[in-house]
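So you can see what is in the structure, the chains are spelled out below.
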Amino acid sequence: GAGVSQTPSNKVTEKGKYVELRCDPISGHTALYWYRQSLGQGPEFLIYFQGTGAADDSGLPNDRFFAVRPEGSVSTLKIQRTERGDSAVYLCASSISTADTQYFGPGTRLTVL
Amino acid sequence: DAKTTQPTSMDCAEGRAANLPCNHSTISGNEYVYWYRQIHSQGPQYIIHGLKNNETNEMASLIITEDRKSSTLILPHATLRDTAVYYCIVRVVYSGAGSYQLTFGKGTKLSVIP
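Residues numbered from 1 in each chain as written. Chains lettered and ligands numbered in written order. Predicted model: local features only at pLDDT ≥ 70, side-chain atom pairs only at ≥ 80, totals over all residues. Heavy atoms only, no water.

J.: Would you take a moment to explain the interface of chain A and chain B for this structure?
T.: How big an interface is tends to be reported as the loss of accessible area on association of its parts. Across the boundary between the two partners, chain A contributes 20 residues, which contact 20 residues of chain B. Looking at the side of chain A facing chain B, the largest losses of area belong to A:Ala99, A:Thr101 and A:Phe104, adding up to 28% of the total buried there. For the interface between chain A and chain B, the tally reads zero salt bridges. When residues of the side of chain A that touches chain B are traced back to their parent elements, those giving at least two are β4 (31-37), β5 (44-50) and β10 (103-104) of chain A. The greatest single-element share of the side of chain A that touches chain B, amounting to three residues, is contributed by β4(A). Across the side of chain A that touches chain B, the residue classes break down as ten nonpolar, seven polar and three charged. (Contact = heavy atoms within 4.5 Å. Buried area = accessible area lost by both parts, 1.4 Å probe. Salt bridge = Lys/Arg side-chain N within 4 Å of Asp/Glu carboxyl O. Helix = DSSP H or I, 4+ residues; strand = E, 2+ residues; numbered from the N terminus. Nonpolar A, V, L, I, M, F, W, Y, C, P; charged D, E, K, R; others polar.)

J.: Could you clarify how one ought to interpret the packing of aromatic side chains in this entry?
T.: How two aromatic rings sit relative to each other is set out by the distance from centre to centre and by the angle between their planes. By the definition in use, this model includes 15 aromatic pairs over all chains. Here A:Phe104 and B:Tyr36 contribute two aromatic rings whose centre-to-centre distance is 5.6 Å and whose plane-to-plane angle is 85°, an arrangement assigned as edge-to-face. Here B:Tyr36 lies in strand β3 (residues 31-38) and A:Phe104 lies in strand β10, a pairing that spans two chains. Here a set of aromatic residues connected by ring pairs shows up, and it is made of A:Tyr33, A:Tyr35, A:Phe45, A:Tyr48, A:Tyr103, A:Phe104, B:Tyr32, B:Tyr34, B:Tyr36, B:Tyr46, B:Tyr87 and B:Phe104. (Phe/Tyr/Trp six-rings, centres within 6.5 Å; stacked < 30°, edge-to-face > 60°.)

J.: Mind showing me how you'd approach the sheet that holds strand β1 (residues 5-7) of chain A here?
T.: Residues and elements named next belong to chain A. Read across the sheet, four strands follow the order β1-β3-β8-β7 without closing on themselves; strand pairing throughout is antiparallel. Each edge of the open sheet is held by one strand with a lone partner, namely β1 and β7 (65-68). Neighbouring strand axes in the sheet, compared pairwise and without regard to direction, differ in orientation by 15° on average. (Pairing = 2+ DSSP bridges. Axes fitted to C-alpha atoms, helices over the stretch in contact; angles between N-to-C directions.)

J.: Sorry if this is basic, but what is going on with the sheet that holds strand β9 (residues 108-113) of chain B here?
T.: Strands in a sheet are paired, the pairing made by backbone hydrogen bonds, and the direction either parallel or antiparallel. Residue and element names in this part refer to chain B. Read across the open sheet, the five strands follow the order β1-β9-β8-β3-β4; overall the sheet is mixed. Since the sheet does not close on itself, it has two edges, and those belong to β1 (9-13) and β4 (45-50), each with one partner. Here the strands of the sheet are splayed against their neighbours by 25° on average, with no regard to which way each runs. Here strand β8 (residues 84-92) pairs with β9 via three bridges, running antiparallel. When the sheet's bridge partners are listed, tyrosine 86 is paired in β9 with threonine 108.

Shown next as structure tokens:
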């Protein structure tokens, strides 16, 4: 079956611009996670949704980062006033329910010039 | 911080078994051991997980010591496509209202050599 998909696969933007990154979870998966991976590091947790609500956003680095999941399926990660330090691969994962195995998408590589 | 310790890198000859160790000496009774791998420029791929019994699936075997303080991931016949970074992660089975985010360390870079 179809796995987690993320679009775009690559995004290049200029410092100060706004970007949106999209995640389509596996159909029927109620839990959705966003992670960020910097070069040479393991992924780091950003935010977790159970259904439509953000159940844990403790990993978001600051208030420039925001994520939504309005219908409990697709999620969008939004970054305002991008900075060069935001350059990373942004990964999305989903699971059937909260405590189940997470399956990852291919990621979106964000480059801020 | 990650609750696991893994070697930074390992080599394995193609066709041989790859045995990847992981120490998780502070693991608690309600935590699983999960293994993921990440091939260059791809998202992490789930491999296997276990609580206290050994587990096997089509990809690998997971051996957990009786005291649960360490485990070994075994790829029985490594191929060049198994070259990747392998992450060992401990994660709660159930934590009530909490989330279940995965805490990744730096993993083990496995190189399968022809």
